[in-house]
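Each chain, letter by letter, is given below.
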Amino acid sequence: MKTETKKYTDLTYLREVGDGDTDFIIDLIQTFLSVTLAHILELERLFNEGDWVEFKRMAHIMKPNAESMGIMELKEAYLKIDNLPPNDVGMFVSQEFITNLKQVYTESFIELEQDIKYL
Amino acid sequence: MNCIVIEDSEVQRKLICHYIEKTDYLTFKRDFVDAVQAVSYLRNESVDLIFLDISMPVMSGMEFLKSFESDAQVILFTSHEEYALEAFEYNVIDYLVKPVSYARFMKAVNKARAGFEKNDNEASDEIFVKVNSVFEKVNITEILWIEALADYVIINTDERKYTVLSSMKSITSKLPSKDFMRVHRSSIIRLDKISKIDNGVIEIGGNKLIAIGRSYKKEVMERLVTI
């Protein structure tokens, strides 16, 4: 559960990369916001179909993007999936995992939209 | 060094393009969301460095490396270390784990730059060109400019012209990049032969005028030492 002080995102990496270029940081966040929803839906579809090879591939694509936004909770999850053989992914990923993943993304989106206003 | 980026993730692509723009000796040419588009581009254009993602739909980075012959150096983006060993068979000089820090990016780029400059320094002052059925020696320092004419290139020196069955891409790869530069789709010039540039037109060898292509303008100005 999210506490009052807990933040899912951390823009340290983006700030370092952006090197004071606020427009670039905002552009990257907006790009992340615009592409990630489709990624989540695709990941959920692959989960429902039990297509673990493609699920792994999709998670692999989503990992660096989540990491770029400092969403470390997802980075760890994706890293575990990355290191599992496809046949074992189904044992690691449950409906609860997907629900939690969507929750983390939802909270992260809200935080990032707020961050854009104050950058 | 001219470079392209092949990466399907828009976020990661923007990051790398940003790094390239921050780096003085890299010139960003184009980015591609898949390797198939890049293959088509590279049939007509020569680049020095390719930033290549391994995990892509349609054609993976490894399939791209296996199918396409290029002199360009390659820096891979991957977290799959199992590809690393195989990748080094294909002119791959380094591989980076996403998301990439600028410091790590620079380490890889510096390796590429060292290789690039070594190739330039080792280049001979002479090349042999096939004119009709005869191989003729041309001193590279005497070349003023090269122009494309259909399936041929015309090499212009002070003394004479050599008409050679070749492509601009092929001839570019044989010339030292520190001395020569493509300034138009159909023109390569020797930098130290430029006498002046006026309104997007280069004067070379005292009387020859060559227009700078729109997409080459920025790079031309960056390569000239101006006050």
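Residues numbered from 1 in each chain as written. Chains lettered and ligands numbered in written order. Predicted model: local features only at pLDDT ≥ 70, side-chain atom pairs only at ≥ 80, totals over all residues.

Draft legend 1. Just the packing of helix 3 (residues 52-68) of chain A against helix 4 (residues 72-83) of chain A, in detail. Residues and elements named next belong to chain A. The interhelical angle for the contact between helix 3 and helix 4, taken along N-to-C directions, is 150 degrees, at an axis separation of 9 Å. As summarised for this structure, helix 3 and helix 4 are arranged roughly antiparallel, according to the angle between their axes. Our pair here, helix 3 against helix 4, has a crossing hand that is left-handed. Judged by residue contacts, Lys 56, Ala 59, His 60, Met 62, Lys 63, Ala 66 and Glu 67 of helix 3 engage Leu 74, Lys 75, Tyr 78, Leu 79, Ile 81 and Asp 82 from helix 4. For the contact of helix 3 with helix 4, a count of residues per class yields seven nonpolar, one polar and five charged. (Axes fitted to C-alpha atoms, helices over the stretch in contact; angles between N-to-C directions. Helix = DSSP H or I, 4+ residues; strand = E, 2+ residues; numbered from the N terminus. Parallel < 35°, antiparallel > 145°, perpendicular 65-115°, else oblique. Left-handed = near helix turned anticlockwise from the far one by under 90°. Contact = placed C-beta atoms within 7 Å. Nonpolar A, V, L, I, M, F, W, Y, C, P; charged D, E, K, R; others polar.)

Draft legend 2. Representation of helix 4 of chain A within the structure. All names here are of chain A. An ideal rise of 1.5 Å per residue puts 16 Å on twelve residues; helix 4 measures up with 17 Å between its terminal C-alpha atoms. Inspection of helix 4 places Leu 74, Ala 77, Tyr 78 and Ile 81 among the buried residues, and these make up the whole buried set. Burial along helix 4 is one-sided: seen end-on, the buried residues are contained in an arc of 95 degrees. Counted as exposed and oriented over 90 degrees from the buried face of helix 4: Glu 76 and Asn 83. On its buried face, helix 4 sits against helix 3, helix 5 (86-92) and helix 6 (95-118). (Expected span 1.5 Å × (residues − 1). Buried ≥ 20, exposed ≤ 12 C-beta atoms within 10 Å, placed from the backbone. Arc of directions from axis to C-beta.)

Draft legend 3. Seen up close, the sheet that holds strand 15 (residues 208-211) of chain B. Residue and element names in this part refer to chain B. Across the sheet, which stays open at both edges, the three strands sit in the order 13-14-15 with antiparallel pairing between neighbours. Among the strands making up the open sheet, the edge pair consists of strand 13 (194-198) and strand 15. Between one strand axis and the next, the sheet turns through 25 degrees on average, direction left out of account. Bridge count for strand 14 (residues 201-204) against strand 15 is four bridges, and the pairing is antiparallel. For Glu 203, the partnering residue across the bridge sits in strand 15 and is Leu 209. (Pairing = 2+ DSSP bridges.)

Take it as geometry only, folks, not as evidence of what the structure does.
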